Amino acid sequence: MAESAHHTHGPDRASPESRSPLPGTDVGETRFRKLLESAPDAIVIVDDAGIIEIINQKTEELFGYPRDELIGKSVDGLLPARFRGHHAQSRAGYTADPYRRPMGAGMDLFGLRKDGSEFPAEISLSPMESEGKRHVTAIIRDISDRKAAEAALKEHAAALARSNNALEQFAYVASHDLQEPLRMVTSYLQLLSRRYTGRLDADADEFIGYAVDGATRMRNLIEDLLTYSRVTRKAKEFVPTDCTTVLKQAARNLELAVEESGAVITHDELPTVMADDIQLVQLFQNLISNAIKYRSAASPEIHISAARQNNDWLFRFRDNGIGIDPRFNERIFEIFKTLHPKHQFVGTGIGLAICQRIVERHGGRIWVDSIPGHGSTFCFTLPRGDAENFSEQHR
Ligand code: ADP
């Protein structure tokens, strides 16, 4: 142990041999020793003044002291200087009120080796009585590996967040900046189409038609991409949001599609949740519009329900449409993923990616249950949180 620690923290009061806090039979003693020596962690037993009485081999290895340099010294010498004053105080507190617990809860603890180097440690303390005297057992574990893994994980998460951010920024800027040149292409194509359809040959008319179609599709893609990147960029604060009102708004926005398809939308009682109301309308609207778009021969019937599930509300949007092959249950939520040829259904494949992003931003999950030919049920959760108290208070 470092000299300074020795001087500061009490005299060398006894030789190792004269201090035997755990008496009993020799057999008991031998067993106790074996147990101590085979322990995977450093074990240090101190008296009520913090003087080291017993250590095991792991302690020697961990701190780099031979046993006889530790026995009889203050345990404070095993801690970096910055912890010592505090430790002496805590130790007094602990002796007054001993019970088994981790040391320095919520604090990053370190051990001090003989060579002056430190290691992050986890220390648990338990009181022990023998021969009418109080002792404290400290079990010390070197957590360098765990700390390094935690730090690596943290760094990894931060790097991921940075790259996500950069990607998001890119998607936003790219889609935003693409709008202007695309507008120009579209308007000149429309001009060509207006002025020259029927004045060139049939091939030319067809080509212009394709070009107009392509430009329109691109405009839809860019608009959807912008909507997608706005889910987190233009996010509003969460407010108590009544889902029945949200549903009404979503249905109103889809009035034309509902009318044309003869869709019937029904619902159970819906809760009030903490949400970004505009995004919730968008979520409901995307799901309902898909239920109408991917309808079967039967006219669309859409039923919306919500049930309590643990700490969440579980929402279900059930339709009687064409259904989804379970093989694609995950993929449909990816950006730009559509399952059908372009000529069959018009879509950019971003709708469900937007839904997923909105749900996740609200702390929920989204998935689909479907049997092809028997319709689909899109399910998502939203945390019940404070909104429930809010709605119950205001009922
Ligand atoms: P889009 O509708 O633009 O293609 P979405 O992301 O909204 O993109 O949907 C992805 C795919 O999931 C769709 O192409 C479709 O195949 C499938 N899908 C979504 N909703 C339904 C539904 N209610 N019934 C059947 N298939 C659906």
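Scroll up for the structure.
Let me begin by describing the structure that accompanies this report. (Residues numbered from 1 in each chain as written. Predicted model: local features only at pLDDT ≥ 70, side-chain atom pairs only at ≥ 80, totals over all residues. Heavy atoms only, no water.)

1. Topic: the pairing of strand β4 (residues 109–112)
Inference 1: Taken together, the 4 bridges between β4 and strand β5 (residues 118–130) define a ladder with antiparallel strand orientation. When the sheet's bridge partners are listed, leucine 112 is paired in β5 with glutamate 118.
Inference 2: Taking the residues between adjacent antiparallel strands as the criterion, β4 and β5 are bridged by 5 residues, where glycine 116 takes a positive phi near 90°. (Pairing = 2+ DSSP bridges. Helix = DSSP H or I, 4+ residues; strand = E, 2+ residues; numbered from the N terminus.)

2. Topic: a nonpolar patch on the surface
Inference 1: Nonpolar side chains collect at one region of the surface, where Leu192, Tyr196 and Leu200 lie side by side and expose about 250 Å² of accessible area between them.
Inference 2: When you line up the elements, tyrosine 196 lands in helix α6 (residues 144–196).
Inference 3: Taking relative accessible area as the criterion, tyrosine 196 reaches 32% and is therefore assigned partly exposed. (Patch = residues over 30% accessible without salt bridge, like charges linked within 9 Å, V, L, I, M, F, W, Y side chains within 5 Å. Areas by Shrake-Rupley, 256 points an atom, 1.4 Å probe, with all protein chains shown as cover. Salt bridge = Lys/Arg side-chain N within 4 Å of Asp/Glu carboxyl O. Buried < 20%, exposed > 50% of the residue type's maximum accessible area, 1.4 Å probe, protein only.)

3. Topic: the nonpolar core
Inference 1: Formed by 40 residues in total, the largest nonpolar core has its most connected members in Phe284, Phe315 and Phe380.
Inference 2: It is helix α10 (residues 277–293) that provides the largest number of residues to this core, a total of 8 residues. (Core = buried A, V, L, I, M, F, W, Y, C linked by side-chain atoms within 4.5 Å.)

4. Notes on the sheet that holds strand β12 (residues 366–370)
Inference 1: The 5 strands lie next to each other as β8-β10-β11-β13-β12, forming an open sheet whose pairing is mixed. Only two strands of the sheet have a single partner each, and these edge strands are β8 (264–267) and β12. Strand-to-strand twist of the sheet, defined as the mean angle between neighbouring strand axes without regard to direction, takes the value 20°.
Inference 2: Note that strand β11 (residues 312–319) and strand β13 (residues 376–383) share 7 bridges and pair antiparallel. Bridging from a neighbouring strand, tryptophan 313 pairs with leucine 382 of β13. (Axes fitted to C-alpha atoms, helices over the stretch in contact; angles between N-to-C directions.)

5. Observations concerning the site of the ligand
Inference 1: If you check the shell around the ligand, you find 21 residues, and the closest are Asn290, Tyr294, Asp319, Gly349 and Leu352.
Inference 2: Aspartate 319 is positioned such that a nitrogen or oxygen atom in its side chain is 2.8 Å from a nitrogen atom of the ligand.
Inference 3: In this structure, serine 376 approaches the ligand through a side-chain N or O atom, which is 3.3 Å from a nitrogen atom.
Inference 4: A total of 530 Å² of accessible area belongs to the ligand in isolation, and the protein chains cover 98% of it.
Inference 5: Looking at the shell around the ligand, the element that brings in the most residues is α10, giving 3 residues.
Inference 6: Its residues assigned to classes, the shell around the ligand comprises 9 nonpolar, 9 polar and 3 charged. (Near = heavy atom within 4 Å. Polar contact = N/O pair within 3.5 Å; in protein donor to acceptor, adjacent residues only side chain to side chain. Nonpolar A, V, L, I, M, F, W, Y, C, P; charged D, E, K, R; others polar.)

6. Looking at the pattern of salt bridges
Inference 1: Tallying each qualifying case throughout the model produces 18 salt bridges.
Inference 2: Two residues, glutamate 150 and lysine 147, come together in a salt bridge whose shortest N-O distance is 3.9 Å. On the criterion of helical spacing, the pair formed by glutamate 150 and lysine 147 is a turn pair, its members being 3 residues apart in helix α6.
Inference 3: Given a relative accessible area of 39%, glutamate 150 falls into the partly exposed group.
Inference 4: What emerges from the salt-bridge pattern is a single network uniting Asp108, Glu122, Arg146, Lys147 and Glu150.

7. A short note on the packing of aromatic side chains
Inference 1: Taken as a whole, this structure holds 8 aromatic pairs when the rule is applied.
Inference 2: When the ring of phenylalanine 83 is compared with that of phenylalanine 110, the centres are 6.4 Å apart and the planes differ by 25°; the resulting orientation is stacked. Of this pair, phenylalanine 83 sits in helix α5 (residues 81–96) while phenylalanine 110 sits in strand β4, and the two are 27 residues apart along the sequence.
Inference 3: Judged by its relative accessible area of 12%, phenylalanine 83 is buried.
Inference 4: Aromatic side chains phenylalanine 284 and phenylalanine 315 sit 6.1 Å apart centroid to centroid with 70° between the ring planes, which places their arrangement in the edge-to-face category. Of this pair, phenylalanine 284 sits in helix α10 while phenylalanine 315 sits in strand β11, placing them 31 residues apart in sequence. Across the pair, exposure class does not vary: phenylalanine 284 and phenylalanine 315 are buried alike.
Inference 5: Through successive ring pairs, a cluster of aromatic residues spans Phe284, Phe315, Phe317 and Phe380.
Inference 6: Here the basic side chain of arginine 357 rests over the ring of tyrosine 228, its NZ or CZ set 4.4 Å away from the ring centre. (Phe/Tyr/Trp six-rings, centres within 6.5 Å; stacked < 30°, edge-to-face > 60°. Lys NZ or Arg CZ within 6 Å of the ring centre and 35° of its normal.)

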